[in-house]
Amino acid sequence: MIPKTCQTAQTEALSAVHLRKEGATIGRAPVNLHPETVAVRFLHGAGFGTCPRFMVIRQAACGCRMKPFGVPPMNSDERRAARRARRDSKRAANRSARIEGCTLESIADLDNLYQSAIDASRGVSWKSSVQRYMLRVVPNIMRARRDLLSGKDFKRGFIEFDIFERGKLRHICSVHFSERVIQKSISRHALAPAIWPTLTEGCAANIKGRGTEYAIKRLKRQLVNHHKRHGERGYILQIDFANYFGNIDHEACKRLIDRALDDDLVKAVVFDQIDAHGTRGLGLGSEPNQVLAVALPSPIDHLMLSTPGILASGRYMDDSYCIALEKTVLHNALKRIESLCDGLGIVINRKKTRIVKLSRGFVFLKKRFYFGDGGKVVVRPCRSSITRQRRKLKKQAALVGRGMMTKEQVNQSYQSWRGGMKRLDAHDTVLRMDALYKELFG
């Protein structure tokens, strides 16, 4: 039983506490808390001086590491080093899992070689060389497997020829179909699994699920987001590489392969394929060359993602861009890109590298981008593409008149062009081109 003097003292203390405003403290202890506040604090263990069990489970699920008793605290440098070590170990584990199947045995597997032969024949099955190979496909892929595992040279030289693409001369180094099957297996079961995951989201060329339409939609989405935040203010830096395939440095490609793969036998096969093109440059028409050409400028893509002031960036093969609010940011970024290109053996085309105001519009992948009314991003074909198509229809009409082409072939070509235009803001252009087509072919 509590004495009356103690009861009186306790009552006076409680009344003194309730005279204070809600949430006040005496020393470090809170007093006069609201009943709901008291309930919440007890729910989280504050009333008992411990952390409840469900809080410990939540912390463990979130990855929080409970410091053992007696371990001294770490300073900021030690914490950074620990985080770096955890990231490096995670990246190493992901890399090991990624390249686990990138071996010569996987490339030379008969099932993989057979599927590569089927895929390589698509679209070219009318050729006599392809038909001869596919007629005896099983003995041919068995010979390819023996050549790969024994280290025998399976190269048969190049079929070289020149083509003019949109008025530009391109030298093609095509390989024989038997070698193309092996190259497709190398790309699918060694190069692509090891290299593609290391590329950024902005790299849009030669990757499954990406392409020119992906690159255009991504740039359009970036411009929409930019206009929401900054309006039409800002600049875009457009970079082009001069004679890209012809200037690719072999040593830079070999360093790339050495970082991506661990199997020495696969490296030797890929290095031999690279050296077959001489001392510098890679030929057009080879699938492994396409993969290497896409991956070689990847350090530039990562640099743009980590450069302060760069709001958006992207690349399609040798055409790159980055967007910033200030022109000085882009000038500094261009200097860093130039120094990085020197180490990669890439030559920048000075005539096509420029900084343009976003309000003026720009051309990327033969499409003109500009802001319309209300901030709408308008994507139209560039003027040269429209002029080229009109001239092409007139030349095709002359070929039809001489009996060198049929109207069905012309219609297939025109419908292909028309289908690409329907994805753009080119309704009036398509109508005018339809009128010209009807005038020429009825």
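Just so it is clear, the model here is predicted, and its values are computed rather than measured. (Residues numbered from 1 in each chain as written. Predicted model: local features only at pLDDT ≥ 70, side-chain atom pairs only at ≥ 80, totals over all residues. Heavy atoms only, no water.)

K.L.:
Would you mind going over the packing of helix α14 (residues 298–306) against helix α15 (residues 327–344) with me for this structure?
P.N.:
Two quantities define a packed helix pair, namely the angle between the helix axes and the distance between the axes. Look at α14 against α15: their axes get within 10 Å of each other, and the N-to-C directions meet at 155°. One finds that α14 runs roughly antiparallel with respect to α15. Here α14 runs over α15; the crossing is right-handed. The residues of α15 that touch α14, namely those facing Pro299, Ile300, Leu303 and Met304, are Ala333, Arg336, Ile337, Leu340, Cys341 and Leu344. Residues belonging to the contact of α14 with α15 are distributed by class as follows: nine nonpolar, no polar and one charged. (Axes fitted to C-alpha atoms, helices over the stretch in contact; angles between N-to-C directions. Helix = DSSP H or I, 4+ residues; strand = E, 2+ residues; numbered from the N terminus. Parallel < 35°, antiparallel > 145°, perpendicular 65-115°, else oblique. Left-handed = near helix turned anticlockwise from the far one by under 90°. Contact = heavy atoms within 4.5 Å. Nonpolar A, V, L, I, M, F, W, Y, C, P; charged D, E, K, R; others polar.)

K.L.:
Would you mind showing me how to read a nonpolar patch on the surface here?
P.N.:
Nonpolar side chains collect at one region of the surface, where Leu110, Val138 and Met142 lie side by side and expose about 230 Å² of accessible area between them. Val138 gets classed as partly exposed once you look at its relative accessible area, which sits at 46%. (Patch = residues over 30% accessible without salt bridge, like charges linked within 9 Å, V, L, I, M, F, W, Y side chains within 5 Å. Areas by Shrake-Rupley, 256 points an atom, 1.4 Å probe, with all protein chains shown as cover. Salt bridge = Lys/Arg side-chain N within 4 Å of Asp/Glu carboxyl O. Buried < 20%, exposed > 50% of the residue type's maximum accessible area, 1.4 Å probe, protein only.)

K.L.:
Explanation requested: the pattern of salt bridges in the structure shown.
P.N.:
Side chains carrying opposite charge are able to pair once their charged atoms draw close together. Counting across every chain of the model gives 17 salt bridges. Across the salt bridge formed by Asp119 and Arg122, the nearest N and O atoms sit 3.4 Å from each other. Relative accessible area serves as the criterion here: at 10%, Asp119 is assigned to the buried category. Arg122 gets classed as exposed once you look at its relative accessible area, which sits at 60%.

K.L.:
Please clarify how the packing of helix α7 (residues 128–135) against helix α9 (residues 177–195) should be interpreted in this entry.
P.N.:
Where α7 meets α9, the closest approach of the two axes is 10 Å, and the angle between their N-to-C directions is 70°. With respect to each other, α7 and α9 are oriented roughly perpendicular. From α7, Val130, Tyr133 and Met134 reach across to α9, where they touch Phe177, Ser178 and Val181. Residues that form the contact of α7 with α9 fall into these classes: five nonpolar, one polar and no charged.

K.L.:
Honestly, the nonpolar core in this entry has me stumped. Any pointers?
P.N.:
One recurring pattern in soluble globular proteins: nonpolar side chains tend to sit buried together. Ranked by internal contacts, the top residues of the largest apolar core, which has 68 residues, are Leu191, Ile195, Phe241, Tyr244, Phe245, Ile248 and Ile337. With sequence-adjacent residues up to four places away left out, Leu191 is seen in contact with Ile186, Trp196, Ile257, Leu261, Val270, Pro288 and Val291. By size, the runner-up hydrophobic cluster in this structure holds 32 residues, among which are Ile216, Ala312, Met433 and Leu436. (Core = buried A, V, L, I, M, F, W, Y, C linked by side-chain atoms within 4.5 Å.)

K.L.:
Explanation requested: the pairing of strand β6 (residues 310–316) in the structure shown.
P.N.:
Every regular strand shows the same layout, with side chains that alternate between the two sheet faces. Burial analysis of β6 places five of its seven residues in the buried class, which makes it a mostly covered element. Pairing analysis gives six bridges linking β6 to strand β7 (residues 319–324), with the strands arranged antiparallel. What sits directly across from Ser313, in β7, is Cys322. Where β6 folds back onto β7 in an antiparallel hairpin, the turn is made up of two residues, including Met317, whose phi is positive at roughly 55°. (Pairing = 2+ DSSP bridges.)

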